[in-house]
Structures are given as C-alpha cells and as structure tokens.
Amino acid sequence: MSEVILVLDFGGQYKELIARTVRSLSVYSEIKPGNISVEEIKRLHPAGIILTGGPDSVYLPDSPKCAPELFSLGIPILGICYGMQLMCHILGGRVETNSAGEYGRVSVTPLDSRKPFPALMSHRDSVTEPPEGFTVTMRTETAVAALENSGKKLYGVQFHPESAHTENGREIISRFLYEICGVEGNYKVDDYIENQITQIRAKVGENNVLLALSGGVDSSVCAALLSKAVPNRLVCIFVDHGFMRLDEGDEIERIFGERKLRFIRVNAQKRFLRKLKGVTDPETKRKLVGYEFIRVFEEEAAKLGDIPFLAQGTIYPDIVESGVNQGGEGNNAVIKSHHNVGGLPENLAFKEVIEPLSGLFKDEVRVIGKKLGLPAALISRQPFPGPGLAIRVMGAVTEAKLDVLRRADAILREELDRQKRRPEQYFAVLTDTRTVGVKGDDRTYEPVVAVRAVTTSDFMTCEYTPLPHKILQRISYRITSEIPAVSRVVYDITGKPPATVEWE
C-alpha cells in the first residue's frame, strides 16, 4: 500500500465507520490505538491521520491521550468529536463541559456564508477557547462545530462526518483526503486479492491448509481465496456444532460438497451441547464454542496427517471489536469476543493461523467474493455469528430451546425473504423471559420470542427497520400458531448504538 490513512482510536463507537468511509473513497485505512508511538507512526508513513471520537473528557488525567509530538510531524490531521477536543486541549485551547450538550441531528452553520446543514452530534464537552493559530469555521447555537489551523494542516469537527446522518459528511472526509492530504486514491480490492495470494503462497509453501468452513459469507470467501492461492492443497472442515439455522448444515454440505475442494463434515452437536450445559453468560458461550471449535479441528487435522496451517474467515471488525489491535496499549473497548479471535486457546496444535480477510470490512468481503466467482445467493447470505444460535438463545442452551428458535427464525426469514425490499439483517431471538399466555382453554407460561430486523449500509451502525404492521402481525401469528411453546412475540426497535445488532 503506497497510501494509508491512520484512524487513531480513543474509544469511539464509529471508528470502523470512519475507516470504512476512507476505504470507500479509494484510500487504504488502518485503525490503530490512540496512544500509538510517534516512532510507529513514522514507520507507517501515513498520508494523513484521523482522530476518532470517544466517551471520555479530555481534561481528566486518566482520559486517553495521543503523543503531543503528533501535531508537529507535518502530517495532516482531522480530529472528530473527542479527537477535535483532544487536539485543542493538547495545543493549549480550552475544553469545558457544556451544560446542555448536543445529541442527534443538529444544525451546523459555516461562517463563510454557506447555508447551514444538519450533522450528527454526540457530546457534552465543547471547545470554549481554540488554541493559538486556530480559526473557528463552523458553529452551532451553543458550541464550536469546526476549526482549523490550515498552515499546519490541523482540522477539527465536533460532529460526525462519517455518519449518514450528517449531510454531505462523506464529501467533508473526501476533501480532507484529496485536498489536504493530497492522496491519489489508489486502493482497490483487486490489489488486496493479489497481495493476499502472494503472501499466502510465500507463507504456506508446499504445505496443506485446513479451513474452518461455516458456510457463511466470510468463511466462504476465505475458501475461494485460499483455493485460488493454493489449489488442491485446501481441506475444508465444516463442524456442525448443532447451533445452525433450520436445515442449514445439510445445505452447506450440498453446496460445498460439489466444489473442487476436500469437504469434511463433522457432526459434533452433542459435544457442543455438553460443553455449554448450564452456561448463561454470553462471553463464556463465545469462548467455549471457540475453544471447542479449535479442539475439533486439531482432532480432525491429526486424522489427516501433518497440516500445519489453520485458516479462518476473521474480518477486520472482528479484530477491532475484540480489542485486538497493534501499535500500542489501545483505548478500544472489547465490545464482544468473536469465536475466531477471543476464543483461541494458547496451545494451538498448528504452526500458524492464516486469516486472509482480517484486513477487510464486510462489504469489501462481499465484493471480493463476487470477483472470485462465488454465487450471489451465497455472497448475500444473512450474517450469522460463529457461535450460531447459542448466542441467540438467551440463558442456558438446550436442544428444546434450539428447536423452538430454529422454527421461529425460519418463519421470520421465510416471510421477509419474499418481500421486494428486505432489511439488511433479520433474525429471531429466544429470550429468557417468560410471560403468561392463553392457547385454547389452557394457560401458558413460555419464553418470549424477539424479532430483530435492521437497516444498515456498513454493518457497523444500524437503525431498526420499520416493518409494516401487517407483516409483523403475520410473523407473530405464524410463530405463535405453528410453535406450541410460544405465546408472545415482540419486535426490537433499538438501533446500534446504543444496542448491538446481536442480543448477546
């Protein structure tokens, strides 16, 4: 990569969206901890730096900081929200608590006579005195909205241009990249494919590779990429942990059993159920499933002979959300552990783990899958977590609960799949809350099924999809009529943030 924009993270909820927006503008980006050393920054030689938002107050002694020398390197910097406040605080400005704060879409007025525009705000602290040499360029009714020191190529915005809720926010980031940083825009996913193929071949040599194939988008694209890099030396093992959707295991076997690769299905449903017996904590579930996954792969690999490399379909958001990053201690919080990141045991019986998609966002993975010739039906497959229904069954996991959830989820997907305009993601959750119901003349007291459907362009933030009441009514009627153990269905209308897409 000849051009890179560093996104320095201070705990911002939109860090991935910032990085993805930069990439969508044909510029490669990487997320690094906010306290990355100046030496490491110089080694990476970025064309520009973006400082993310964050939940802290910059004037508190224990709040995340960057090296003060960062602002004297001559590298263009854009501070967003907390990032702008941090820049001002370090350079001698003043940041104070605003009694009202600004949240949601707020009108921003440029001071150069351009018309006001709506922008997403989420802050209580505000810049009350800019550092010496800085000029305020935009304001809201109560706060500084943007400022700059153009001579030193330092810029800050209090709002979030990476969000679709900010009018022309994408253009703001584009101007920073092309007009301030002077990038050429040479990032293409085609280059990523060729670079990964070269790296895989150099690393693997003449050895075989064992791939954890789930049948989801990520692992399927990983399989296509690996089969191109090391043809005839890829063994795909599908571990059916028993937490798949209705008939999904058979479907995966049918699709991949016909391809030019060695496909092995391991039926380990009872083994995984025993491992999760009585477990209710979602993080524990994820880690146990991840640990057991690796153990199964080790056992199968031993049967196959010496296969030193294990491949996984880990993608970039998995790494970032798990708090696994490089270049510093990091300020990014662990949102959730992913079964193929946080659950890896230390004593792996493999020489190395290969994760060729770990630098990509979900939409980039889909683009690569299309370029590698995978069918559209597979590329557009509904996202599904590695631990599967184990984290969509709230509380302890049992076969009876899984059966109820599979049927409810199948009904939901059947109803929404027939709609012309479908949400980007939709699924059912079997909650651990029981409510009273009436079926026939009998009183029931059974778990509530929650329905989740979200609209998103980046799979990092989302809004709930306002499904028509007629469709919701039909979904509820079918679930409660066709599944004896369900008497109540509710619809989740929470976005991300403050919630996550998954319930666990």
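This report concerns the structure included in the present document. (Residues numbered from 1 in each chain as written. Predicted model: local features only at pLDDT ≥ 70, side-chain atom pairs only at ≥ 80, totals over all residues. Heavy atoms only, no water.)

Section: the pairing of strand E10 (residues 209-212)
Residues Val209 and Leu211 point to one face of E10 and Leu210 and Ala212 to the other, with burial holding for every one of them. The handedness of the E10 to strand E11 (residues 234-240) crossover, carried by helix H6 (residues 217-229), is right-handed. Across three bridges, the pairing between E10 and strand E13 (residues 309-311) is parallel. By the bridge assignment, Val209 is partnered in E13 with Phe309. (Buried < 20%, exposed > 50% of the residue type's maximum accessible area, 1.4 Å probe, protein only. Helix = DSSP H or I, 4+ residues; strand = E, 2+ residues; numbered from the N terminus. Right-handed = clockwise from strand over helix to strand, strands pointing away. Pairing = 2+ DSSP bridges.)

Looking at the sheet that holds strand E7 (residues 135-139)
Within the open sheet, the nine strands sit side by side as E2-E1-E3-E4-E9-E8-E7-E5-E6. Their pairing is mixed. Every other strand in the sheet has two partners, leaving strand E2 (29-33) and strand E6 (117-129) as the edge strands with one partner each. Each strand of the sheet is rotated relative to its neighbour by a mean of 25°, with strand direction disregarded. In this structure, strand E5 (residues 94-110) lies alongside E6, joined through 11 bridges in antiparallel fashion. Bridge pairing links Arg105 to Leu120 in E6. Against the sheet, helix H1 (residues 15-24) touches strand E1 (5-9), E2, strand E3 (48-51) and strand E4 (77-80), its axis set at about 155° to E2. (Axes fitted to C-alpha atoms, helices over the stretch in contact; angles between N-to-C directions. Contact = heavy atoms within 4.5 Å.)

Overview of the packing of helix H13 (residues 399-417) against helix H14 (residues 469-482)
For the pair H13 and H14, the least separation of the axes is 10 Å and the interaxial angle reads 150°. In terms of axis orientation, H13 runs roughly antiparallel to H14. Relative to H14, H13 is oriented so that their crossing is right-handed. Mapping the contact onto sequence places Arg407, Ala408, Ile411, Leu412, Glu414, Glu415 and Leu416 in H13 and Ile471, Arg474, Ile475, Arg478, Ile479 and Glu482 in H14. When the residues that make up the contact of H13 with H14 are grouped by side-chain class, the tally is seven nonpolar, no polar and six charged. (Parallel < 35°, antiparallel > 145°, perpendicular 65-115°, else oblique. Left-handed = near helix turned anticlockwise from the far one by under 90°. Nonpolar A, V, L, I, M, F, W, Y, C, P; charged D, E, K, R; others polar.)

Comments concerning helix H7 (residues 248-257)
Turn by turn, an α-helix covers 3.6 residues, leaving residues three or four places apart pointing in a common direction. Listed as buried for H7 are Glu248, Gly249, Ile252 and Phe256. Summarising the axial view, the buried residues of H7 lie within an arc of 100°, below the 170-degree limit, and thus occupy one face. Of the surrounding secondary structure, the elements contacted by the buried residues of H7 are H6, E11, strand E12 (262-267) and helix H12 (376-379). (Arc of directions from axis to C-beta.)

What to know about the sheet that holds E13
Across the sheet, which stays open at both edges, the five strands sit in the order E12-E11-E10-E13-E14 with parallel pairing between neighbours. Each of the sheet's edge strands pairs with one partner strand only, and the pair in question is E12 and strand E14 (352-354). Neighbour-to-neighbour, the strand axes of this sheet turn through a mean angle of 25°, independent of strand direction. Of the strand pairs in this sheet, E10 and E11 are connected by four bridges, and their pairing is parallel.

Quick look at the nonpolar core
A general tendency of soluble globular proteins is for nonpolar side chains to be buried together. One finds Leu8, Ile49 and Leu211 to be the most contacted residues of the largest nonpolar core, which totals 66 residues. The biggest single contributor to this core is H6, with eight residues. The contacts of Leu8, once residues within four sequence positions are left out, are Lys32, Pro33, Gly34, Ile36, Ile41, Ile49, Ile50, Leu51, Thr52 and Leu70. Membership of the second largest hydrophobic core comes to 46 residues, among which are Val239, Val289, Leu389 and Val404. (Core = buried A, V, L, I, M, F, W, Y, C linked by side-chain atoms within 4.5 Å.)

Remarks on the packing of aromatic side chains
This structure, assessed with the given rule, holds eight aromatic pairs. Look at Phe117 and Phe159: their rings are 5.7 Å apart centre to centre, the planes differ by 85°, and that puts the pair in the edge-to-face class. A residue pair is termed long-range when its members are at least 10 positions apart, and Phe117 in strand E6 and Phe159 in the loop between strand E9 (154-157) and helix H4 (169-180) qualify at 42 residues. The buried category is assigned to Phe159, whose relative accessible area is 0%. Aromatic side chains Phe243 and Phe272 sit 6.3 Å apart centroid to centroid with 85° between the ring planes, which places their arrangement in the edge-to-face category. Here the residue Phe243 occupies a position in the loop between E11 and H7, and Phe272 occupies one in helix H8 (residues 269-275), the gap between them amounting to 29 residues. (Phe/Tyr/Trp six-rings, centres within 6.5 Å; stacked < 30°, edge-to-face > 60°.)

Here we look at the side chain of Ser163
Relative to the helices and strands, Ser163 is located in the loop between E9 and H4. Those residues in contact with Ser163 that lie beyond four places of it in its chain are Leu17 and Leu120.

Looking at the environment of Thr166
Here Thr166 is to be found in the loop between E9 and H4. In sequence terms Thr166 and Pro118 are 48 residues apart; their C-alpha atoms lie 5.9 Å from each other. Once residues lying within four places of it in the same chain are set aside, the contact partners of Thr166 are Arg105, Phe117, Pro118, Ala119, Leu120, Phe159, His160 and Pro161.

So, the layout of surface pockets
To find leftover empty space, one rolls a probe the size of a water molecule over the atoms. Roughly 620 Å³ of internal volume is contained in the second largest pocket. If you trace the second largest pocket, you find 23 residues lining it, with Ala377, Ser380, Arg381, Gln382 and Asp417 closest to the centre. Secondary-structure elements contributing two or more residues to the lining of the second largest pocket are H7, H12 and H13. Broken down by element, the residue count for the lining of the second largest pocket peaks at four residues, all from H13. In the lining of the second largest pocket, the residues fall into 10 nonpolar, two polar and 11 charged. (1 Å grid on protein atoms, 1.4 Å probe; cavity = no way out; pocket = protein on both sides within 12 Å on 5 of 7 lines; lining within 4 Å. Points joined across faces, edges and corners; volume = space filled by probe spheres on them.)

Quick notes on the pattern of salt bridges
Scanning the entire structure with this criterion turns up 31 salt bridges. A salt bridge links Asp363 to Arg20, with the nearest nitrogen and oxygen atoms 2.5 Å apart. Here Asp363, found in helix H11 (residues 362-371), pairs with Arg20, found in helix H1; they are 343 residues apart in sequence, far enough to count as distant. Judged by relative accessible area, Asp363 falls into the partly exposed class, the value being 24%. The residue Glu364 makes a salt bridge to Arg23 at a minimum N-O spacing of 3.0 Å. In this pair, Glu364 sits in helix H11 while Arg23 sits in helix H1, placing the two residues 341 residues apart along the sequence. Under the relative-accessibility criterion, Glu364 is labelled buried at 3%. Taking the relative accessible area as the measure of exposure, Arg23 reaches 4% and is therefore buried. Members of the salt-bridge network, linked through shared partners, are Glu414, Glu415, Arg418, Arg474, Arg478 and Glu482. (Salt bridge = Lys/Arg side-chain N within 4 Å of Asp/Glu carboxyl O.)

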